[in-house]
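Here are the chains, one letter per residue:
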Amino acid sequence: MIDLRSDTVTRPSDAMREAARDAEVGDDVHRDDPTVAELEARAADLLGKEAALYVPSGTMGNQIAVRVHADRGEELICERECHVYKWELGGVAQLSGVQPRPVDGGERGALTPGQIEAAYVEASSHRPGTGLVALENTHNSKGGVALAPEVLDAAAGAAHDLGVPLHLDGARVANAAVSRGVPLDRMVREVDSVMMCLSKGLGAPVGSVLAGDAEFVERARRVRKLLGGGMRQAGVIAAPGLLALENVDRLAEDHENARVLAEGLSDLSGLVVQEPETNIVLVETEGPASAFLDRIGEAGVAGSEFGEHTVRFVTHWDVSRDDVEAAVERVAEAR
Ligand SMILES: *Cc1c(COP(=O)(O)O)cnc(C)c1O
């Protein structure tokens, strides 16, 4: 099976398995795990923030950020199709008592300063006030589009002018940085906090990092414990995460493979293919997406259903150029 369902399906490399076996560990809830500490320090450095926190998942990282930044009842300005709002079980309501104010970010899923100003609510005796703005880069539902750092700067500037912090759901921010040709710390320079997944294109088996200033990360550490995310000898999973941080530049290969895949598929009648900017390829199918997926699944290609007529393919380090070319041939025959 050529598995293009997600970049989360990657298996850890031999080097990652060895690193897990050999990791120096301690009880990380007591802050005794040197491998976790090293991962957090390196992630903070890479993202240009004062500190970082290792968390079990991207979802937990985002939810912690919302909880730290916003008070109960406050509003969260976010994009209508974003992960924090749409794909995290309503966690902002369940875990933080926060009320989302979703805004349509158009084809690129970006929020302009004007949209942020328009969505802002000032606290009063009737209104709860805006507690946080969240953005997503790359934007998953919009097909992995990579926002330029200036877009994030402008949104953060608008939020800060209103006295509101900005959190970036950067599950795939490394893909965005590589696609835009800027270092990660430049990409997230103006945001107050950023979550980055180690377990997606970067290839780690488990985990994400949440970075921000030292005070934010101290508060985030307590919320992580509250949510049951305090882990003991977590060096065993942080060690592969450290190796994952070295995989940023390699993402360019996934982007190139996505481009080859999109080009191949766009030659096939009955499919409309969105030109990829990173490792995600969205395809509109003439018939139902589920039936299309069944047919190509029998031919040995897996994708995921992303809408009634939309299929998502994601490239990653377990699929080679040959695999991607083979996938095009199999889809051509099976569709
Ligand atoms: C995958 C993803 C997350 C959540 O990460 P998990 O580790 O799966 O919980 C958050 N935001 C975006 C944009 C994602 O793609």
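Residues numbered from 1 in each chain as written. Predicted model: local features only at pLDDT ≥ 70, side-chain atom pairs only at ≥ 80, totals over all residues. Heavy atoms only, no water.

- Identification of the chain as Low-specificity L-threonine aldolase from Halomarina halobia is taken from an unreviewed UniProt entry.
- Taken verbatim from the UniProt record of the chain, the Cofactor (unreviewed entry) comment is "pyridoxal 5'-phosphate".
- One UniProt comment on the chain, placed under Sequence similarities (unreviewed entry), says "Belongs to the threonine aldolase family." (UniProt positions renumbered as here; feature names shortened; annotations may be inferred.)

### Concerning the site of the ligand
Moving on, step 1. Taken together, the neighbourhood of the ligand is formed by 14 residues, with G58, T59, D169, R172 and K200 sitting nearest.
Moving on, step 2. Take G58: an N or O atom from its main chain is 2.8 Å from an oxygen atom of the ligand.
Moving on, step 3. In the environment of the ligand, an oxygen atom lies 2.6 Å from a nitrogen or oxygen atom belonging to the side chain of T59.
Moving on, step 4. Here the ligand has 380 Å² of accessible area as a free molecule, and 84% of this is covered by the chains.
Moving on, step 5. More than half of the atoms of the ligand fall within 2 Å of the grid points belonging to the second largest pocket.
Moving on, step 6. Elements represented by at least two residues in the shell around the ligand include exactly α3 (58-69) and β7 (193-197).
Moving on, step 7. In terms of residue class, the shell around the ligand is built from 3 nonpolar, 6 polar and 5 charged. (Near = heavy atom within 4 Å. Polar contact = N/O pair within 3.5 Å; in protein donor to acceptor, adjacent residues only side chain to side chain. Areas by Shrake-Rupley, 256 points an atom, 1.4 Å probe, with all protein chains shown as cover. 1 Å grid on protein atoms, 1.4 Å probe; cavity = no way out; pocket = protein on both sides within 12 Å on 5 of 7 lines; lining within 4 Å. Sits in = over half its atoms within 2 Å of the grid points. Helix = DSSP H or I, 4+ residues; strand = E, 2+ residues; numbered from the N terminus. Nonpolar A, V, L, I, M, F, W, Y, C, P; charged D, E, K, R; others polar.)

### A word on empty space enclosed by the protein
Moving on, step 1. Scanning the model with the defined rule gives 1 cavity of 30 Å³ or more in all.
Moving on, step 2. Roughly 30 Å³ of internal volume is contained in the largest cavity.
Moving on, step 3. Surrounding the largest cavity, A171, R172, A174, N175, C197, K200, G201, L202 and L251 form its lining.
Moving on, step 4. Looking at the lining of the largest cavity, its residues break down into 5 nonpolar, 2 polar and 2 charged. (Points joined across faces, edges and corners; volume = space filled by probe spheres on them.)

### Describing the sheet that holds strand β3 (residues 75-79)
Moving on, step 1. The 7 strands are arranged β2-β8-β7-β6-β5-β3-β4 in an open sheet whose pairing can be described as mixed. Two strands bound the open sheet, and with one partner strand each, they are β2 (51-55) and β4 (99-103). This sheet shows a mean twist of 20° between the axes of neighbouring strands, independent of strand direction.
Moving on, step 2. Where strand β5 (residues 130-136) lies against strand β6 (residues 166-170), 4 bridges are found, and the strand directions are parallel. (Pairing = 2+ DSSP bridges. Axes fitted to C-alpha atoms, helices over the stretch in contact; angles between N-to-C directions.)

### Quick look at the pairing of strand β10 (residues 280-285)
Successive residues of a regular strand alternate their side chains across the two faces of the sheet.
Moving on, step 1. Counting buried positions over the 6 residues of β10 gives 5, a clear majority of the element.
Moving on, step 2. As defined by bridge partners, strand β9 (residues 271-273) adjoins β10 across 3 bridges and the pair is classed as antiparallel. Across the sheet, the residue bridging to L271 is T285, located in β10.
Moving on, step 3. Where β10 meets strand β13 (residues 310-314), 5 bridges bridge the pair, whose relative direction is antiparallel. Its bridge partner lying in β13, V283 is registered against V311. (Buried < 20%, exposed > 50% of the residue type's maximum accessible area, 1.4 Å probe, protein only.)

### Topic: the layout of surface pockets
To find leftover empty space, one rolls a probe the size of a water molecule over the atoms.
Moving on, step 1. Taken as a whole, the largest pocket spans an internal volume of roughly 260 Å³.
Moving on, step 2. Lining the largest pocket are 15 residues; nearest its centre among them are S141, L282, E284, F306 and T310.
Moving on, step 3. Residue assignment for the lining of the largest pocket shows that the elements contributing at least two residues are β9, β10 and β12 (304-307).
Moving on, step 4. Residue contributions to the lining of the largest pocket peak at 3 residues, all from β10.
Moving on, step 5. For the lining of the largest pocket, the class distribution of residues is 6 nonpolar, 4 polar and 5 charged.

### Quick notes on the nonpolar core
Moving on, step 1. Counting residues in hydrophobic clusters, the biggest one holds 48 residues, and the most contacted among them are Y54, M196 and L198.
Moving on, step 2. Of the residues forming this core, the biggest block, 5 residues, is contributed by helix α2 (residues 34-47). (Core = buried A, V, L, I, M, F, W, Y, C linked by side-chain atoms within 4.5 Å.)

### Quick word on the packing of helix α8 (residues 173-180) against helix α12 (residues 251-266)
Moving on, step 1. Contact geometry of α8 with α12 gives a least axis separation of 9 Å together with a crossing angle of 80°. When the axis of α8 is compared with that of α12, the two are roughly perpendicular. Note on element contacts: α12 touches α8 through L251, A252 and H255, opposite A174, N175, V178 and S179.
Moving on, step 2. Taken together, the residues of the contact of α8 with α12 break down into 4 nonpolar, 3 polar and no charged. (Parallel < 35°, antiparallel > 145°, perpendicular 65-115°, else oblique. Contact = heavy atoms within 4.5 Å.)

### Thoughts on the UniProt feature "modified residue: N6-(pyridoxal phosphate)lysine" (unreviewed entry) in the chain
Moving on, step 1. As annotated in UniProt, the feature "modified residue: N6-(pyridoxal phosphate)lysine" (unreviewed entry) corresponds to K200 in the numbering used here.
Moving on, step 2. Positionally, K200 belongs in the loop between β7 and β8 (208-212).
Moving on, step 3. In this structure K200 comes out as buried when scored by relative accessible area, which is 15%.
Moving on, step 4. Beyond its immediate sequence surroundings of up to four residues, K200 is in contact with D7, T8, T10, A171 and R172.

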